[in-house]
Amino acid sequence: MADSPLSAALEFARMLAAGGFRLDPLDSAPSIEDIRRLARRRLPTMAFDILDGASNHELTAGENVADLREVRFRPRWLTDISTIDVSTAVDGQELERPYVLGPLGLQRMIGGEGELGAVRAAGRANIPFTLSTASNWTMEELAEQATGPLWYQLYMYKSERIVSNLIQRAKGIGAEVLVVTVDVPLNGKRYRDHRNGMSIPPRITPANAVQAVRHLNWTRAIMRPPTIGFRNLKDEVQGDNAVSHQEFVAKYLANLTLTWESIEDVRRQWDGPLYLKGILTPEDAQRARRVGADGIYVSNHGGRQLDSSPSTIRALPSIVDAVGEDMTVVFDGGVRTGDDIAKAIAVGADLVSIGRAWGYGNAAAGEKGVLRVLDILDGELSLAMGQLGATSVPALDRSFVEYPEAWHGAGMHREPEPAEAVEAPGELTP
Ligand SMILES: Cc1cc2nc3c(=O)[nH]c(=O)nc-3n(C[C@H](O)[C@H](O)[C@H](O)COP(=O)(O)O)c2cc1C
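Please read all numbers here as calculations on a predicted model, not as lab measurements. (Residues numbered from 1 in each chain as written. Predicted model: local features only at pLDDT ≥ 70, side-chain atom pairs only at ≥ 80, totals over all residues.)

With that settled, consider the overall build of the protein chain. Counting its regular elements, the protein chain contains 16 helices and 14 strands. Relative to a compact globule of 430 residues, whose C-alpha radius of gyration would be 22 Å, the protein chain shows 24 Å and is just as compact. The dimensions of the protein chain, computed from C-alpha atoms along their principal axes, are 110 × 65 × 50 Å. Here the protein chain holds 430 residues, and the buried ones make up 47% of them. For the protein chain, contacts bridging at least 24 residues in sequence account for 73% of all contacts bridging at least 6. (Helix = DSSP H or I, 4+ residues; strand = E, 2+ residues; numbered from the N terminus. Rg over C-alpha atoms; globule rule 2.2 N^0.38 Å. Buried ≥ 20, exposed ≤ 12 C-beta atoms within 10 Å, placed from the backbone. Contact = placed C-beta atoms within 7 Å.)

So, in C-alpha coordinates, the structure goes:
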(Lines give C-alpha, C1' and ligand atoms only; values in the text may rest on other atoms or scores of the structure.)
Protein backbone atom coordinates (compact mmCIF):
# COMPACT_ATOMS: atom_id res chain seq x y z
CA MET A 1 0.00 0.00 0.00
CA ALA A 2 2.83 2.34 0.89
CA ASP A 3 4.05 2.33 -2.68
CA SER A 4 0.64 2.53 -4.34
CA PRO A 5 0.02 5.45 -6.71
CA LEU A 6 -2.75 6.65 -4.39
CA SER A 7 -0.51 6.84 -1.33
CA ALA A 8 2.23 8.49 -3.37
CA ALA A 9 -0.28 11.10 -4.53
CA LEU A 10 -1.47 11.64 -0.94
CA GLU A 11 2.10 12.00 0.30
CA PHE A 12 2.80 14.48 -2.49
CA ALA A 13 -0.30 16.53 -1.55
CA ARG A 14 0.73 16.45 2.13
CA MET A 15 4.22 17.73 1.31
CA LEU A 16 2.80 20.41 -0.96
CA ALA A 17 0.46 21.60 1.80
CA ALA A 18 3.30 21.57 4.35
CA GLY A 19 5.44 23.60 1.95
CA GLY A 20 2.69 26.20 1.72
CA PHE A 21 0.72 26.94 -1.41
CA ARG A 22 2.03 30.07 -3.00
CA LEU A 23 -0.31 30.79 -5.82
CA ASP A 24 0.30 34.52 -5.79
CA PRO A 25 3.59 35.31 -7.56
CA LEU A 26 3.86 38.48 -5.44
CA ASP A 27 4.41 36.37 -2.33
CA SER A 28 7.38 34.65 -3.85
CA ALA A 29 8.92 37.82 -5.35
CA PRO A 30 11.96 38.47 -3.14
CA SER A 31 13.14 41.70 -4.78
CA ILE A 32 12.00 44.81 -6.63
CA GLU A 33 13.62 43.32 -9.72
CA ASP A 34 11.18 40.39 -9.46
CA ILE A 35 8.27 42.82 -9.06
CA ARG A 36 9.51 44.67 -12.14
CA ARG A 37 9.39 41.39 -14.08
CA LEU A 38 5.80 40.81 -12.94
CA ALA A 39 4.90 44.34 -14.08
CA ARG A 40 6.50 43.71 -17.46
CA ARG A 41 4.48 40.52 -17.88
CA ARG A 42 1.24 42.27 -16.98
CA LEU A 43 1.57 45.28 -19.26
CA PRO A 44 1.76 45.84 -22.99
CA THR A 45 5.14 47.21 -24.05
CA MET A 46 3.78 50.72 -24.54
CA ALA A 47 2.59 50.91 -20.94
CA PHE A 48 5.64 49.23 -19.40
CA ASP A 49 7.89 51.63 -21.30
CA ILE A 50 6.07 54.67 -19.90
CA LEU A 51 7.16 53.52 -16.45
CA ASP A 52 10.49 51.91 -17.18
CA GLY A 53 11.77 54.22 -19.92
CA ALA A 54 13.86 57.35 -19.71
CA SER A 55 15.20 60.00 -22.05
CA ASN A 56 17.41 59.55 -25.08
CA HIS A 57 19.89 56.69 -24.62
CA GLU A 58 18.87 56.26 -20.97
CA LEU A 59 22.49 56.73 -19.86
CA THR A 60 21.58 58.63 -16.71
CA ALA A 61 18.74 56.26 -15.80
CA GLY A 62 21.14 53.32 -16.06
CA GLU A 63 23.86 55.04 -14.07
CA ASN A 64 21.48 55.95 -11.25
CA VAL A 65 21.11 52.24 -10.58
CA ALA A 66 24.65 51.16 -11.49
CA ASP A 67 26.42 53.84 -9.40
CA LEU A 68 24.44 52.94 -6.29
CA ARG A 69 25.92 49.47 -6.74
CA GLU A 70 29.40 51.04 -6.75
CA VAL A 71 28.94 52.11 -3.14
CA ARG A 72 30.39 49.49 -0.82
CA PHE A 73 29.48 48.90 2.83
CA ARG A 74 31.90 48.89 5.76
CA PRO A 75 30.22 46.66 8.37
CA ARG A 76 31.11 46.99 12.05
CA TRP A 77 30.45 43.67 13.73
CA LEU A 78 29.94 42.92 17.43
CA THR A 79 27.52 45.78 17.92
CA ASP A 80 24.30 45.23 19.89
CA ILE A 81 21.67 45.18 17.13
CA SER A 82 18.78 43.86 19.20
CA THR A 83 16.86 47.08 18.42
CA ILE A 84 16.96 48.72 15.02
CA ASP A 85 15.13 52.02 14.77
CA VAL A 86 14.36 53.12 11.20
CA SER A 87 12.25 56.13 12.22
CA THR A 88 13.40 59.65 11.54
CA ALA A 89 12.22 63.27 11.71
CA VAL A 90 12.54 66.02 9.11
CA ASP A 91 11.20 69.56 9.25
CA GLY A 92 8.94 68.80 12.15
CA GLN A 93 7.54 65.58 10.70
CA GLU A 94 7.92 62.29 12.51
CA LEU A 95 8.34 59.51 9.97
CA GLU A 96 8.25 55.78 10.63
CA ARG A 97 10.81 55.17 7.90
CA PRO A 98 13.55 57.23 6.26
CA TYR A 99 11.80 57.15 2.90
CA VAL A 100 8.67 58.43 1.17
CA LEU A 101 6.77 57.49 -1.98
CA GLY A 102 7.78 60.00 -4.64
CA PRO A 103 5.56 61.60 -7.29
CA LEU A 104 4.79 59.37 -10.28
CA GLY A 105 2.19 60.78 -12.63
CA LEU A 106 0.25 58.91 -15.30
CA GLN A 107 -0.49 55.89 -13.13
CA ARG A 108 -3.71 54.98 -14.94
CA MET A 109 -1.64 54.42 -18.07
CA ILE A 110 -0.28 51.30 -16.40
CA GLY A 111 -3.78 49.96 -15.86
CA GLY A 112 -5.68 49.07 -12.71
CA GLU A 113 -6.88 51.97 -10.60
CA GLY A 114 -3.91 54.20 -11.22
CA GLU A 115 -2.86 56.20 -8.17
CA LEU A 116 -5.90 55.17 -6.12
CA GLY A 117 -4.50 51.80 -5.01
CA ALA A 118 -1.08 53.28 -4.30
CA VAL A 119 -2.46 56.05 -2.10
CA ARG A 120 -4.43 53.46 -0.13
CA ALA A 121 -1.34 51.29 0.27
CA ALA A 122 0.65 54.28 1.52
CA GLY A 123 -2.08 55.00 4.07
CA ARG A 124 -2.07 51.41 5.31
CA ALA A 125 1.70 51.54 5.71
CA ASN A 126 1.60 55.08 7.13
CA ILE A 127 4.19 56.38 4.70
CA PRO A 128 3.96 59.83 3.06
CA PHE A 129 2.57 59.65 -0.46
CA THR A 130 3.56 62.42 -2.84
CA LEU A 131 0.66 63.36 -5.09
CA SER A 132 1.84 64.32 -8.55
CA THR A 133 0.41 67.28 -10.41
CA ALA A 134 0.35 64.90 -13.40
CA SER A 135 -1.79 62.29 -11.64
CA ASN A 136 -4.69 60.76 -13.52
CA TRP A 137 -7.05 61.44 -10.59
CA THR A 138 -7.53 64.84 -9.02
CA MET A 139 -5.73 65.53 -5.78
CA GLU A 140 -9.13 65.73 -4.05
CA GLU A 141 -10.19 62.32 -5.37
CA LEU A 142 -6.91 60.85 -4.12
CA ALA A 143 -7.08 62.61 -0.76
CA GLU A 144 -10.45 60.95 -0.15
CA GLN A 145 -8.73 57.56 -0.26
CA ALA A 146 -5.76 58.62 1.83
CA THR A 147 -5.35 57.66 5.45
CA GLY A 148 -1.67 58.60 5.74
CA PRO A 149 0.34 61.81 5.26
CA LEU A 150 0.15 63.50 1.85
CA TRP A 151 2.81 65.60 0.18
CA TYR A 152 2.06 67.54 -2.98
CA GLN A 153 4.35 67.82 -6.00
CA LEU A 154 3.85 70.97 -8.02
CA TYR A 155 4.69 71.53 -11.66
CA MET A 156 5.14 75.20 -12.37
CA TYR A 157 2.79 75.57 -15.31
CA LYS A 158 2.89 78.58 -17.56
CA SER A 159 0.01 80.34 -15.89
CA GLU A 160 0.59 81.86 -12.44
CA ARG A 161 -3.14 81.61 -11.86
CA ILE A 162 -3.09 77.83 -12.40
CA VAL A 163 -0.06 77.49 -10.10
CA SER A 164 -1.66 79.55 -7.31
CA ASN A 165 -4.85 77.58 -7.68
CA LEU A 166 -2.96 74.27 -7.34
CA ILE A 167 -1.16 75.54 -4.23
CA GLN A 168 -4.48 76.53 -2.65
CA ARG A 169 -5.97 73.13 -3.48
CA ALA A 170 -2.91 71.40 -1.97
CA LYS A 171 -3.53 73.36 1.23
CA GLY A 172 -7.19 72.39 1.02
CA ILE A 173 -6.41 68.65 1.07
CA GLY A 174 -3.99 69.11 3.97
CA ALA A 175 -0.74 68.39 2.11
CA GLU A 176 2.14 68.64 4.56
CA VAL A 177 5.05 69.34 2.21
CA LEU A 178 5.17 71.14 -1.12
CA VAL A 179 7.65 69.64 -3.57
CA VAL A 180 8.29 71.92 -6.53
CA THR A 181 9.80 70.10 -9.49
CA VAL A 182 12.26 72.39 -11.25
CA ASP A 183 13.77 70.13 -13.89
CA VAL A 184 10.92 70.12 -16.42
CA PRO A 185 11.00 73.49 -18.16
CA LEU A 186 11.07 71.27 -21.26
CA ASN A 187 10.03 67.66 -21.43
CA GLY A 188 12.80 65.10 -22.03
CA LYS A 189 12.71 63.16 -25.29
CA ARG A 190 11.83 59.58 -24.51
CA TYR A 191 12.64 57.39 -27.48
CA ARG A 192 10.58 54.45 -26.24
CA ASP A 193 7.43 56.60 -25.97
CA HIS A 194 8.01 58.01 -29.45
CA ARG A 195 8.49 54.55 -30.95
CA ASN A 196 5.36 53.29 -29.19
CA GLY A 197 3.23 56.26 -30.27
CA MET A 198 2.43 57.02 -26.64
CA SER A 199 -0.46 59.45 -26.19
CA ILE A 200 -2.75 60.63 -23.43
CA PRO A 201 -5.34 59.21 -23.35
CA PRO A 202 -3.83 56.07 -24.89
CA ARG A 203 -4.98 55.13 -28.37
CA ILE A 204 -5.36 51.66 -29.74
CA THR A 205 -3.62 51.77 -33.11
CA PRO A 206 -2.88 49.02 -35.65
CA ALA A 207 0.66 48.99 -34.21
CA ASN A 208 -0.41 48.18 -30.66
CA ALA A 209 -3.77 46.42 -31.25
CA VAL A 210 -2.32 42.92 -30.85
CA GLN A 211 -0.77 43.87 -27.51
CA ALA A 212 -4.02 45.44 -26.38
CA VAL A 213 -5.85 42.18 -27.12
CA ARG A 214 -3.19 40.12 -25.37
CA HIS A 215 -3.49 42.27 -22.23
CA LEU A 216 -7.25 42.55 -21.92
CA ASN A 217 -7.23 43.46 -18.21
CA TRP A 218 -5.06 46.46 -18.99
CA THR A 219 -7.17 47.41 -22.00
CA ARG A 220 -10.40 47.21 -20.01
CA ALA A 221 -8.89 49.34 -17.22
CA ILE A 222 -7.70 52.12 -19.49
CA MET A 223 -11.06 52.24 -21.24
CA ARG A 224 -12.97 52.75 -17.99
CA PRO A 225 -14.26 56.28 -17.32
CA PRO A 226 -13.17 58.93 -16.63
CA THR A 227 -11.07 59.35 -19.75
CA ILE A 228 -7.39 59.25 -18.83
CA GLY A 229 -5.93 62.73 -18.67
CA PHE A 230 -4.29 65.27 -16.37
CA ARG A 231 -7.32 65.56 -14.12
CA ASN A 232 -5.86 68.19 -11.83
CA LEU A 233 -6.17 70.50 -14.80
CA LYS A 234 -9.50 69.25 -16.05
CA ASP A 235 -11.05 72.70 -15.83
CA GLU A 236 -8.17 74.20 -17.81
CA VAL A 237 -7.68 71.62 -20.56
CA GLN A 238 -10.48 71.62 -23.08
CA GLY A 239 -11.95 68.44 -24.47
CA ASP A 240 -10.78 64.86 -24.33
CA ASN A 241 -9.06 64.62 -27.68
CA ALA A 242 -6.02 62.40 -27.81
CA VAL A 243 -3.09 64.69 -27.56
CA SER A 244 0.48 63.50 -27.58
CA HIS A 245 2.34 63.93 -24.34
CA GLN A 246 4.88 66.23 -25.99
CA GLU A 247 2.11 68.47 -27.33
CA PHE A 248 0.48 68.64 -23.93
CA VAL A 249 3.69 69.62 -22.21
CA ALA A 250 4.54 72.22 -24.82
CA LYS A 251 1.08 73.75 -24.63
CA TYR A 252 0.39 73.76 -20.92
CA LEU A 253 3.51 72.90 -18.99
CA ALA A 254 6.68 74.20 -20.57
CA ASN A 255 7.41 77.39 -18.72
CA LEU A 256 10.38 78.89 -20.44
CA THR A 257 10.44 81.96 -18.24
CA LEU A 258 10.67 80.08 -14.95
CA THR A 259 13.43 81.50 -12.72
CA TRP A 260 14.46 81.57 -9.08
CA GLU A 261 12.11 84.55 -8.59
CA SER A 262 9.22 82.22 -9.44
CA ILE A 263 10.24 80.07 -6.47
CA GLU A 264 10.20 83.14 -4.23
CA ASP A 265 6.58 83.66 -5.34
CA VAL A 266 5.72 80.10 -4.37
CA ARG A 267 7.50 80.55 -1.03
CA ARG A 268 5.23 83.51 -0.28
CA GLN A 269 2.18 81.33 -0.90
CA TRP A 270 3.22 78.24 1.13
CA ASP A 271 4.00 78.29 4.84
CA GLY A 272 4.94 74.64 5.33
CA PRO A 273 8.11 72.83 4.28
CA LEU A 274 9.05 73.62 0.67
CA TYR A 275 11.45 71.34 -1.23
CA LEU A 276 12.87 71.82 -4.72
CA LYS A 277 13.10 68.62 -6.74
CA GLY A 278 15.71 68.22 -9.47
CA ILE A 279 18.86 69.73 -7.96
CA LEU A 280 22.16 68.36 -9.25
CA THR A 281 24.82 70.94 -8.36
CA PRO A 282 26.08 72.49 -5.11
CA GLU A 283 25.47 75.98 -6.57
CA ASP A 284 21.78 75.30 -7.17
CA ALA A 285 21.45 73.69 -3.74
CA GLN A 286 22.81 76.84 -2.09
CA ARG A 287 20.63 79.03 -4.27
CA ALA A 288 17.60 77.00 -3.24
CA ARG A 289 18.41 77.83 0.37
CA ARG A 290 18.71 81.51 -0.44
CA VAL A 291 15.24 81.67 -2.04
CA GLY A 292 13.75 80.12 1.07
CA ALA A 293 13.46 76.39 0.27
CA ASP A 294 13.71 74.13 3.31
CA GLY A 295 14.96 71.19 1.34
CA ILE A 296 16.06 69.82 -2.00
CA TYR A 297 15.68 66.56 -3.88
CA VAL A 298 18.96 65.50 -5.41
CA SER A 299 17.26 64.21 -8.52
CA ASN A 300 17.59 63.89 -12.27
CA HIS A 301 13.94 62.85 -12.65
CA GLY A 302 14.98 59.20 -12.85
CA GLY A 303 16.97 59.97 -16.01
CA ARG A 304 13.82 61.08 -17.80
CA GLN A 305 14.91 64.63 -18.45
CA LEU A 306 18.47 65.66 -19.43
CA ASP A 307 20.29 62.49 -20.40
CA SER A 308 24.00 62.49 -19.46
CA SER A 309 23.24 64.33 -16.21
CA PRO A 310 25.25 62.81 -13.39
CA SER A 311 23.77 59.92 -11.47
CA THR A 312 22.21 61.14 -8.26
CA ILE A 313 24.43 59.15 -5.90
CA ARG A 314 27.46 60.64 -7.65
CA ALA A 315 26.04 64.16 -7.24
CA LEU A 316 25.07 63.63 -3.61
CA PRO A 317 28.37 63.99 -1.69
CA SER A 318 29.33 67.45 -2.96
CA ILE A 319 25.77 68.74 -2.49
CA VAL A 320 25.64 67.46 1.09
CA ASP A 321 29.04 69.05 1.71
CA ALA A 322 27.75 72.37 0.33
CA VAL A 323 24.50 72.62 2.29
CA GLY A 324 25.56 70.78 5.43
CA GLU A 325 22.98 70.60 8.18
CA ASP A 326 21.27 73.66 6.79
CA MET A 327 18.77 71.92 4.53
CA THR A 328 16.84 68.70 4.22
CA VAL A 329 18.41 66.62 1.47
CA VAL A 330 16.15 64.04 -0.17
CA PHE A 331 17.85 61.46 -2.35
CA ASP A 332 15.94 60.39 -5.49
CA GLY A 333 16.88 58.06 -8.34
CA GLY A 334 17.71 54.42 -8.93
CA VAL A 335 16.62 53.09 -5.54
CA ARG A 336 15.73 49.43 -5.98
CA THR A 337 16.75 47.87 -2.66
CA GLY A 338 16.73 48.64 1.03
CA ASP A 339 20.53 48.62 0.76
CA ASP A 340 20.27 51.56 -1.64
CA ILE A 341 18.29 53.49 0.97
CA ALA A 342 20.94 52.78 3.60
CA LYS A 343 23.70 53.82 1.19
CA ALA A 344 22.11 57.16 0.30
CA ILE A 345 21.55 58.00 3.94
CA ALA A 346 25.07 56.98 4.86
CA VAL A 347 26.46 59.26 2.15
CA GLY A 348 24.48 62.13 3.67
CA ALA A 349 20.83 62.22 2.59
CA ASP A 350 18.19 62.84 5.26
CA LEU A 351 15.48 61.01 3.39
CA VAL A 352 15.02 58.88 0.27
CA SER A 353 12.27 59.15 -2.33
CA ILE A 354 11.05 55.96 -4.02
CA GLY A 355 10.14 56.25 -7.70
CA ARG A 356 9.78 53.43 -10.22
CA ALA A 357 10.09 50.82 -7.46
CA TRP A 358 6.57 51.58 -6.22
CA GLY A 359 5.38 52.07 -9.80
CA TYR A 360 6.42 48.49 -10.59
CA GLY A 361 4.44 47.30 -7.57
CA ASN A 362 1.41 49.30 -8.68
CA ALA A 363 1.68 47.92 -12.21
CA ALA A 364 2.11 44.35 -10.95
CA ALA A 365 -0.81 44.29 -8.52
CA GLY A 366 -2.14 47.75 -7.54
CA GLU A 367 -2.50 48.37 -3.80
CA LYS A 368 -1.23 44.88 -2.94
CA GLY A 369 1.79 45.28 -5.17
CA VAL A 370 2.76 48.61 -3.58
CA LEU A 371 2.43 47.05 -0.12
CA ARG A 372 4.69 44.20 -1.22
CA VAL A 373 7.28 46.73 -2.44
CA LEU A 374 7.21 48.47 0.95
CA ASP A 375 7.54 45.13 2.66
CA ILE A 376 10.61 44.26 0.60
CA LEU A 377 12.24 47.65 1.15
CA ASP A 378 11.52 47.63 4.91
CA GLY A 379 12.96 44.15 5.29
CA GLU A 380 16.08 44.89 3.28
CA LEU A 381 16.72 48.20 5.01
CA SER A 382 16.53 46.67 8.50
CA LEU A 383 18.68 43.77 7.37
CA ALA A 384 21.33 46.10 5.94
CA MET A 385 21.36 48.28 9.06
CA GLY A 386 21.61 45.22 11.29
CA GLN A 387 24.45 43.75 9.29
CA LEU A 388 26.23 47.09 9.26
CA GLY A 389 25.85 47.58 12.99
CA ALA A 390 24.02 50.90 12.48
CA THR A 391 21.03 50.75 14.81
CA SER A 392 19.38 54.08 13.97
CA VAL A 393 19.02 56.42 11.02
CA PRO A 394 21.22 59.18 12.52
CA ALA A 395 23.90 56.56 13.21
CA LEU A 396 24.17 55.77 9.48
CA ASP A 397 27.06 58.01 8.48
CA ARG A 398 29.88 58.01 5.94
CA SER A 399 31.98 55.69 8.06
CA PHE A 400 29.67 52.87 6.91
CA VAL A 401 30.33 53.30 3.17
CA GLU A 402 33.12 53.65 0.70
CA TYR A 403 32.69 55.22 -2.70
CA PRO A 404 34.96 56.87 -5.25
CA GLU A 405 36.67 59.96 -3.81
CA ALA A 406 36.08 61.69 -7.17
CA TRP A 407 32.35 61.88 -6.37
CA HIS A 408 33.13 64.70 -3.95
CA GLY A 409 33.97 66.77 -6.99
CA ALA A 410 30.98 65.60 -9.04
CA GLY A 411 28.72 68.41 -10.16
CA MET A 412 31.36 71.00 -9.22
CA HIS A 413 32.23 73.63 -11.75
CA ARG A 414 35.89 73.55 -12.67
CA GLU A 415 37.64 76.56 -14.17
CA PRO A 416 40.06 75.52 -16.90
CA GLU A 417 43.61 75.15 -15.59
CA PRO A 418 45.58 78.35 -16.29
CA ALA A 419 48.01 77.73 -19.14
CA GLU A 420 51.56 77.35 -17.86
CA ALA A 421 53.56 80.52 -18.29
CA VAL A 422 55.68 80.07 -21.35
CA GLU A 423 59.18 81.29 -20.75
CA ALA A 424 60.39 83.84 -23.18
CA PRO A 425 63.15 82.39 -25.23
CA GLY A 426 66.32 83.62 -23.69
CA GLU A 427 69.90 82.79 -23.80
CA LEU A 428 70.68 79.27 -22.80
CA THR A 429 72.81 79.11 -19.76
CA PRO A 430 75.41 76.47 -19.79
C1 LIG B 1 6.13 57.07 -14.81
C2 LIG B 1 6.82 58.19 -14.08
C3 LIG B 1 6.11 59.34 -13.83
C4 LIG B 1 6.72 60.39 -13.14
N5 LIG B 1 5.99 61.50 -12.87
C6 LIG B 1 6.56 62.50 -12.17
C7 LIG B 1 5.80 63.63 -11.84
O8 LIG B 1 4.63 63.74 -12.16
N9 LIG B 1 6.40 64.62 -11.13
C10 LIG B 1 7.72 64.54 -10.74
O11 LIG B 1 8.25 65.45 -10.11
N12 LIG B 1 8.45 63.46 -11.04
C13 LIG B 1 7.92 62.43 -11.73
N14 LIG B 1 8.66 61.33 -12.01
C15 LIG B 1 10.04 61.24 -11.51
C16 LIG B 1 10.06 60.56 -10.15
O17 LIG B 1 9.45 61.34 -9.16
C18 LIG B 1 11.50 60.30 -9.68
O19 LIG B 1 12.26 61.48 -9.78
C20 LIG B 1 12.18 59.20 -10.46
O21 LIG B 1 11.27 58.19 -10.80
C22 LIG B 1 13.32 58.64 -9.61
O23 LIG B 1 14.01 57.64 -10.26
P24 LIG B 1 13.71 56.07 -10.01
O25 LIG B 1 12.41 55.81 -10.63
O26 LIG B 1 14.84 55.41 -10.70
O27 LIG B 1 13.70 55.85 -8.53
C28 LIG B 1 8.08 60.28 -12.72
C29 LIG B 1 8.78 59.10 -12.97
C30 LIG B 1 8.17 58.06 -13.64
C31 LIG B 1 8.95 56.79 -13.87
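Here the focus is the pairing of strand E7 (residues 177-181). Burial within E7 is extensive, with five of its five residues counted as buried. Covered by surrounding structure in E7 are Val177, Val179 and Thr181 together with Leu178 and Val180, the residues of both alternating faces. Relative to E7, strand E6 (residues 150-155) is paired through five bridges, and the arrangement is parallel. Considered in E7, the bridge of Gln153 is made with Val179. Sheet analysis places E7 next to strand E10 (residues 274-279), joined by four bridges and oriented parallel. When the sheet's bridge partners are listed, Leu178 is paired in E10 with Leu274. (Pairing = 2+ DSSP bridges.)

Gly105, Ser132, Gly302, Gly355 and Arg356 are the nearest of the 24 residues found near the ligand. Residue assignment for the shell around the ligand shows that the elements contributing at least two residues are helix H3 (45-52) and helix H16 (356-388). Across the shell around the ligand, the residue classes break down as seven nonpolar, 13 polar and four charged. (Near = placed C-beta within 6 Å. Nonpolar A, V, L, I, M, F, W, Y, C, P; charged D, E, K, R; others polar.)

What follows is about the packing of helix H5 (residues 115-125) against H16. Where H5 meets H16, the axes come as close as 8 Å, and the angle between the chain directions of the two elements is 10 degrees. On the basis of the axis angle, H5 is roughly parallel to H16. Note that H5 runs across H16; the crossing there is left-handed. On the side of H5, the interface is formed by Gly117, Ala118, Arg120, Ala121, Arg124 and Ala125, while H16 contributes Trp358, Asn362, Gly366, Glu367, Val370, Leu371 and Leu374. Class assignment for the residues of the contact of H5 with H16 results in seven nonpolar, three polar and three charged. (Axes fitted to C-alpha atoms, helices over the stretch in contact; angles between N-to-C directions. Parallel < 35°, antiparallel > 145°, perpendicular 65-115°, else oblique. Left-handed = near helix turned anticlockwise from the far one by under 90°.)

Take the environment of Lys234 next. Topologically, Lys234 is positioned in the loop between helix H10 (216-223) and strand E9 (243-244). Remark: the alpha-carbon pair of Lys234 and Phe331, spanning 97 residues in sequence, is separated by 32 Å.

This next bit is on helix H15 (residues 338-347). With ten of ten residues buried, H15 is to be regarded as a mostly interior element. Of all the positions in H15, only Gly338, Asp339, Asp340, Ile341, Ala342, Lys343, Ala344, Ile345, Ala346 and Val347 are classed as buried. Downstream of H15 by one or two residues, Gly348 has phi in the positive range, about 140 degrees.

Quick look at the environment of Trp407 now. Looking at where Trp407 falls in the secondary structure, it is placed in the segment after strand E14 (401-402). Under the C-beta neighbour-count criterion, Trp407 is labelled buried, with 20 such atoms within 10 Å. Measuring from C-alpha to C-alpha, the distance between Trp407 and Ile313 comes to 8.4 Å, with 94 residues separating the pair along the chain. The residues contacting Trp407, other than those within four sequence positions of it, are Arg314 and Pro317.

In this section: the confidence of the model for the protein chain. Averaged over the protein chain, the pLDDT score is 92; the fraction of residues at 70 or greater is 93%. This stretch, residues 424-430, has a pLDDT under 50; its non-local contacts, to residues over four places away or in other chains, come to zero contacts. (pLDDT = per-residue confidence, 0-100.)

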